[in-house]
Amino acid sequence: MQRRTFLQASAGAAALAFAASVVPEFARASGGLVALVHTQAAGDNGPVDQMIAMLKQLSEEKGFEYRAVYAQDPATYETVYRTLGDAGAAIIISTFNEVAEPFKALAPSYPNTKWIQLFADPFEPAIPNVVTVSYDYYLGCYLSGVFAAKMSSTGKTGFIGGVSIPPLNADFNAFKAGVHSIRPDASVIAAFAGSFQDPAKGQEIATQMYNDGIDYIQTDAAATDGGIIAAANEKEGRMVSCLAPGQYELGPKSLISIVSLDFGASLYNEATKAVGPQWKGGAHEHTGLGTGVIDFILSPVFIEQGPADLNAKAKEALIEVDKVRVGILNGSIKVPFNTTL
């Protein structure tokens, strides 16, 4: 699976120029360098900002040198990783499904470097110096669906994802299942922006949904969320559930909750293991509810500033959400992982 539409197989002139710009800096790095290569831009009030902040925190705690590199163009991926490997990087952390093939191509050539791919499928066969990490985000989306069913006054709910790929399809299906577990007759509509970095498109889709009577939207679109929140802000009573605490202030009276996927906490956990003796390569990590990485959380900003009637309703709805969370954790409630739209 790829999160972008394609991945160029070889590095061209752009990749070489990019490498030339970073080689002098990386060449001076010691063997203790820990590098984060992120394929979405910083400034998203979400996953990338979380990861950079936590890597910086961990570097201060453990005393290692770190770099965060934005690899915008797929043509640069292999060149960036090779440059880091040649510079003696101890750990390379990178993000999302599109980096899987470069990892598979290069990690075996740098056996002394520990490679970590966040938001990944397991490698078959496993590579001894690579750890892949996946997230059971769909479980949090199911909880959001339960909450949405309790909160919606119109019985119309929506889901906006970045790109229709199997994990996001599963997130929508779980959200829909959560809604229908409470209100079987409720409407649940999905749309995809075609990008994780297009707030304008997100706002366009969300505005249409709200105008059609949908009053609760669950997002799954990274930086595209900014436009969805903007659409929610245009009229009181519109609710949106997003991804990260950094988004709370963007919609103090509309962003009612988040299905939290704390990429920063995940990076911190995996990097902490990698800098210590307990790290084991050739593994795949499943991360779900109860780990501190995935959860459904009410926005404390909305609790302070949101409409009083919705806050009172949310307090009651959360009782049901908490019961369902317990059921998922103890196994009495099974949430299907369905990747087919």
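Rules used throughout
Residues numbered from 1 in each chain as written. Predicted model: local features only at pLDDT ≥ 70, side-chain atom pairs only at ≥ 80, totals over all residues. Heavy atoms only, no water. Helix = DSSP H or I, 4+ residues; strand = E, 2+ residues; numbered from the N terminus. Rg over C-alpha atoms; globule rule 2.2 N^0.38 Å. Buried < 20%, exposed > 50% of the residue type's maximum accessible area, 1.4 Å probe, protein only. Contact = heavy atoms within 4.5 Å. Lys, Arg positive; Asp, Glu negative; His and termini not counted. Charge placed at Lys NZ, Arg CZ, Asp CG, Glu CD. 1 Å grid on protein atoms, 1.4 Å probe; cavity = no way out; pocket = protein on both sides within 12 Å on 5 of 7 lines; lining within 4 Å. Points joined across faces, edges and corners; volume = space filled by probe spheres on them. Nonpolar A, V, L, I, M, F, W, Y, C, P; charged D, E, K, R; others polar. Expected span 1.5 Å × (residues − 1). Arc of directions from axis to C-beta. Salt bridge = Lys/Arg side-chain N within 4 Å of Asp/Glu carboxyl O. Phe/Tyr/Trp six-rings, centres within 6.5 Å; stacked < 30°, edge-to-face > 60°. Lys NZ or Arg CZ within 6 Å of the ring centre and 35° of its normal. Axes fitted to C-alpha atoms, helices over the stretch in contact; angles between N-to-C directions. Left-handed = near helix turned anticlockwise from the far one by under 90°.

Each helix and strand in the protein chain was counted, giving 11 helices and 12 strands. Taking 2.2 N^0.38 as the reference for a compact globule, 341 residues should give roughly 20 Å; the C-alpha atoms of the protein chain span a radius of gyration of 20 Å, in line with that estimate. The dimensions of the protein chain, computed from C-alpha atoms along their principal axes, are 60 × 40 × 35 Å. Across the 341 residues of the protein chain, 53% fall into the buried class. In the protein chain, the proportion of contacts linking residues at least 24 apart, taken out of those at least 6 apart, comes to 72%. Distance from the positive charge centre (24 side chains) to the negative charge centre (34 side chains) of the protein chain: 3 Å.

Turning next to the layout of surface pockets. Empty space among the atoms becomes visible once a probe the size of a water molecule is rolled across them. Volume-wise, the largest pocket comes out at about 400 Å³. Lining the largest pocket we find 30 residues, and of these Phe119, Tyr135, Tyr137, Pro167 and Asp171 sit closest to its centre. Those elements that place two or more of their residues in the lining of the largest pocket are β5 (130–135), α5 (137–151), α6 (166–182) and β11 (283–287). Taken together, the residues of the lining of the largest pocket break down into 19 nonpolar, six polar and five charged.

Taking 1.5 Å of rise per residue, 15 residues should cover 21 Å, and α5 covers 21 Å from first to last C-alpha, within 8% of that figure. Judged by how many residues are buried, α5 sits mostly within the fold: 14 of 15 residues are covered.

So, about the environment of Gly32. You can see Gly32 is positioned in the loop between α1 (13–27) and β1 (34–38). Separated by 57 residues in the primary sequence, Gly32 and Ala89 place their C-alpha atoms 6.5 Å from one another. In this structure, Gly32 is in contact with Phe64, Glu65 and Ala90, ignoring residues within four places of it in sequence.

Before going further, it helps to spend a moment on helix α2 (residues 47–62). When the terminal C-alpha atoms of α2 are compared, their 22 Å separation across 16 residues agrees well with the 22 Å that a helix rising 1.5 Å per residue should span. Buried within α2 we find Pro47, Val48, Gln50, Met51, Leu55, Leu58 and Ser59. All buried residues of α2 fall inside an arc of 160° around its axis, so they share one side. Against β1, β2 (66–70), β3 (91–95), β4 (114–118), β10 (255–261) and α9 (263–274) lie the buried residues of α2. Once α2 ends, the next one or two residues include Gly63, with phi positive near 80°.

Moving on: the pattern of salt bridges. Tallying each qualifying case throughout the model produces nine salt bridges. A salt bridge links Lys56 to Glu60; the nearest nitrogen and oxygen atoms lie 2.6 Å apart. Taken together, the residues Lys56 and Glu60, both in helix α2 and four residues apart, mark about one turn of the helix. According to the relative accessible area criterion, Glu60 is exposed, its value standing at 56%. With a shortest N-O distance of 3.6 Å, Lys201 and Glu204 are connected by a salt bridge. Here Lys201 pairs with Glu204, and both are found in helix α7 (residues 199–211), just three residues apart, close to one helical turn. One network of salt bridges, in which partners are shared, links Glu270, Lys273 and Glu285.

Let's shift gears to the packing of aromatic side chains. Given two aromatic rings, one states the distance between the centres and the angle between the planes to describe the pair. Scanning all chains against the criterion turns up 14 aromatic pairs. Seen in terms of ring centroids, Tyr81 and Trp115 are 5.9 Å apart; in terms of plane orientation they differ by 65°. Their pairing is edge-to-face. Highlighted residues: Tyr81 in helix α3 (residues 77–86) and Trp115 in strand β4, separated in sequence by 34 residues. Summarising the burial analysis for this pair, Tyr81 and Trp115 share the class buried. Relative to Trp115, the ring of Phe103 has its centre 5.1 Å away and its plane inclined at 80°; by these criteria the two rings are edge-to-face. Of this pair, Phe103 sits in helix α4 (residues 100–106) while Trp115 is found in strand β4, placing the two residues 12 residues apart along the sequence. Neither Phe103 nor Trp115 differs from the other in exposure class; each is buried. Put simply, the rings of Phe147, Phe159, Phe172, Phe175, Phe192, Tyr216 and Phe296 touch in pairs and so form one group of aromatic residues. Positioned above the aromatic ring of Phe123 is the side chain of Lys104, whose terminal nitrogen or guanidinium carbon lies 5.0 Å from the ring centre.

One can describe the packing of α7 onto helix α8 (residues 225–232) by two numbers: an axis separation of 6 Å at closest approach and a directional angle of 35°. Relative to α8, the crossing made by α7 is right-handed. Along its contact with α7, which presents Pro199, Gly202, Gln203, Ala206, Thr207 and Tyr210, the element α8 presents Gly226, Gly227, Ile228, Ala230, Ala231 and Ala232. Tallied by class, the residues present in the contact of α7 with α8 amount to seven nonpolar, five polar and no charged.

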